[in-house]
Every structure is written in structure tokens, then in C-alpha cells.
Amino acid sequence: MDRPVRIGLLGAGAVAQTAHLPAFRRLRNAELVAICDSEGGKLRALRERTGVVHATTSLDEMLALDELDAVDICLPSNQHAAAAVRCLEAGKHVLCEKPLGLTAREVEDVLAARDRSGKHVLVGMNNRYRDDSILLRRFIQDGQLGEVFRARAGWLKRRTKVKPGAWQYAAAMSGGGVVMDLGIQLAQQLALGHPDFFYRVIHFQQVVARKPEGLEQNRRRHLSPAVDPDVQDVARIELEIQP
């Protein structure tokens, strides 16, 4: 393609403003041409700040733009799959924040729409494209590390402030807390791009914030009274590697 990819941003929340919009400004082969969000005030502010041509509260209106090549989905997780299907059916490529869906069926629906449309779908697993990840994958593929039979990974992330009513702390919208936020990134890293790398889940243990014990009591000291989270604080998963 001899011109930049023309992108529409769907959802203009925190991750869009702190990660995606700055990235678009740095890319020479991408051009942000539209923003779609349900909040009109936010749209007006972002349009003034970014100089984007189109700003709308209607996804159908954005998808009707002839100059649009792809859509970057930055919605709450429970809206990812349905939005991706709509964009693909409109003939647009899709970049979607993780996770692609909250269930295997949702992901299968997106992949089916991708196959019907002939367009591309990329999930924002950004850690996969770090230099160290690429180098490790090359070492394993070249056989320099021998046969991989065990891998271990962990991720600790402390949130000192929690916004009341934030969708990230409601399992119905986020899909489940640390597993969907951090765990899928780790699993994808360990699989090194091979979908059949893991054979089965042999252990799953979690601590959910609702439980009146242990970490839950400590966490509630940092929460607003208006927040009643039902997502995992801590999770431990053991996966068996494909024999």
C-alpha cells in the first residue's frame, strides 16, 4: 500500500488516550481519520486536540466512511466481539484490544466473520512484539534451547486507585480480573505463537475480591464504598504442554 492505513478509533477511554492515540501520532504508515465514542463532550475535546476529520457517536456512521480502512477497538471487553464482527462485515480490518472475546464462542464468531470478509484481525497482544520476545521465539524455533517442557511466568500489578463503577472491576464486563487482563498476555507469551502449545488446564485457583477473607480485606481498604468488585485479585494457573 503506497499510502497510510486510514484508521477509525472506536472507544476513546483511558487506554485509547494514553496508548493508542500517542502511537498513531508516531506512525508514518497510519493515519487517524475518525473517532467514535458515546460521550459527545469527550469527542469534541479529542477532535480539537487531535485534529481528526470525523468525530461521531454512531458506529454505523463511522463504518460508512469510504476512506476508512481499519477500526481500532478500545471498548470495554464485553463489547469487543460484537464490535469486531460489525466492523468486519462492513469491510474493515480490525485491531482489537485484548481480549478478543469473553468466551470461545465469541472468538469463533469473530474468526468466522474474518473469514467471510477476507479482512485481517489483530489482537493487541503488544508484549509479543517486544524485542526480547521475538528473540526468545527465534531461539526456540531454531532449537537452540532444546525441547521446552516447562515454563513459568508471573505478573504483579498494584492498583492504588480504583474508580467507582469502573467496568474493569465488574466480571460481566471485563471477563474476570487478572486472568483476562494479565494472564492471557502471559499465556500467549509462553505459547510463543503456537496455538497448540498448551494441552489442557490442570490447575486453576483464584481469589475474588468479594470473598470476606485474606487479600479481600486488605484490598477493601483501598476501595471507594461505591465499588463492589467481583473479579480476581490473584490467580494461579497450571497448563500442561502438548505432549
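Here we summarise the structure given alongside this text.

This brings us to the pairing of strand E5 (residues 93–96). Because side chains alternate across E5, one face comprises the buried residues Val94 and Cys96, and the other comprises His93 and Leu95, none of which is buried. Here strand E4 (residues 70–73) runs beside E5; their pairing, made up of 4 bridges, is parallel. Among the inter-strand pairings, valine 71 is bridged to a residue of E5, identified as valine 94. Following the backbone out of E4, through helix H4 (residues 80–89) and into the adjacent parallel E5, one traces a crossover that is right-handed. When E5 meets strand E6 (residues 121–123), the two strands line up parallel, connected through 3 bridges.

Moving on, we come to a nonpolar patch on the surface. Together, Leu135, Leu136, Phe139 and Leu145 line one region of the surface with nonpolar side chains, adding up to about 320 Å² of accessible area. Along the chain, phenylalanine 139 turns up in helix H6 (residues 131–141).

With that out of the way, let us pick up the environment of arginine 116. Its place among the elements puts arginine 116 in helix H5 (residues 104–117). For the pair arginine 116 and glycine 91, spaced 25 residues apart in the sequence, the C-alpha separation amounts to 9.8 Å.

Between H4 and H5, whose axes approach to 9 Å, the crossing angle comes to 5 degrees. For the element pair H4 / H5, the angle class is roughly parallel. Where H4 abuts H5, its residues Ala81, Ala84, Val85, Leu88 and Glu89 lie against Glu106, Asp109, Val110, Ala113, Arg114, Arg116 and Ser117. When its residues are assigned to classes, the contact of H4 with H5 shows 6 nonpolar, 1 polar and 5 charged.

Moving on: the sheet that holds strand E3 (residues 54–56). Strand order in this open sheet of 6 strands is E3-E2-E1-E4-E5-E6, and the pairing throughout is parallel. Two strands bound the open sheet, and with one partner strand each, they are E3 and E6. The average undirected angle you get between the axes of adjacent strands in this sheet is 25 degrees.

Along E4, one buried face is formed by Ala70 and Asp72 and the opposite face, lined by Val71 and Ile73, is buried too. Judged from the 4 bridges that link them, strand E1 (residues 5–10) and E4 form a sheet pairing that is parallel. Note that in E4 the partner of glycine 8 across the bridge is valine 71.

To continue, consider the pattern of salt bridges. Tallying each qualifying case throughout the model produces 10 salt bridges. Glutamate 39 serves as the salt-bridge partner of lysine 42, at 3.8 Å between the closest nitrogen and oxygen. Given the relative accessible area of 21%, lysine 42 is considered partly exposed. Measuring nitrogen to oxygen at the nearest pair gives 2.7 Å for the salt bridge that ties aspartate 132 to arginine 130. Judged by relative accessible area, aspartate 132 falls into the partly exposed class, the value being 44%. Look at the salt bridges and you will find they share partners, linking Arg3, Arg6 and Asp69 into a network.

This brings us to the nonpolar core. Leu10, Leu59, Met62, Val71, Ile73, Val94 and Val110 are the most contacted members of the largest nonpolar core, which totals 23 residues. Where this core is concerned, the elements lending two or more residues are strand E2 (30–36), helix H3 (59–63), E4, H4, E5 and H5. Looking at which element gives the most residues to this core, the answer is H4, with 6 residues. Sequence-distant contacts of methionine 62, that is, excluding residues within four places in its chain, are made with Gly8, Leu9, Leu10, Ala34, Ile35, Cys36, Thr56, Leu68 and Val71.

Turning next to the side chain of asparagine 127. Looking at where asparagine 127 falls in the secondary structure, it is placed in the loop between E6 and H6. In this structure the side chain of asparagine 127 is engaged in a polar contact, spanning 3.4 Å, whose partner is the side chain of glutamine 185. The residues contacting asparagine 127, other than those within four sequence positions of it, are Ser133, Trp155, Gln185 and Gln189.

This paragraph deals with helix H8 (residues 178–191). Over its 14 residues, H8 runs 18 Å from end to end, which matches the ideal 20 Å to within 8%, given 1.5 Å per residue. Isoleucine 184 marks the point of greatest bend in H8, at about 30 degrees. Of the residues making up H8, those classed as buried are Val179, Met180, Leu182, Gln185, Gln188 and Ala191.

Reading the values: the criteria
- Residues numbered from 1 in each chain as written.
- Predicted model: local features only at pLDDT ≥ 70, side-chain atom pairs only at ≥ 80, totals over all residues.
- Heavy atoms only, no water.
- Buried < 20%, exposed > 50% of the residue type's maximum accessible area, 1.4 Å probe, protein only.
- Helix = DSSP H or I, 4+ residues; strand = E, 2+ residues; numbered from the N terminus.
- Pairing = 2+ DSSP bridges.
- Right-handed = clockwise from strand over helix to strand, strands pointing away.
- Patch = residues over 30% accessible without salt bridge, like charges linked within 9 Å, V, L, I, M, F, W, Y side chains within 5 Å.
- Areas by Shrake-Rupley, 256 points an atom, 1.4 Å probe, with all protein chains shown as cover.
- Salt bridge = Lys/Arg side-chain N within 4 Å of Asp/Glu carboxyl O.
- Axes fitted to C-alpha atoms, helices over the stretch in contact; angles between N-to-C directions.
- Parallel < 35°, antiparallel > 145°, perpendicular 65-115°, else oblique.
- Contact = heavy atoms within 4.5 Å.
- Nonpolar A, V, L, I, M, F, W, Y, C, P; charged D, E, K, R; others polar.
- Core = buried A, V, L, I, M, F, W, Y, C linked by side-chain atoms within 4.5 Å.
- Polar contact = N/O pair within 3.5 Å; in protein donor to acceptor, adjacent residues only side chain to side chain.
- Expected span 1.5 Å × (residues − 1).
- Bend = angle between axes of the 7 residues up to and from the residue.

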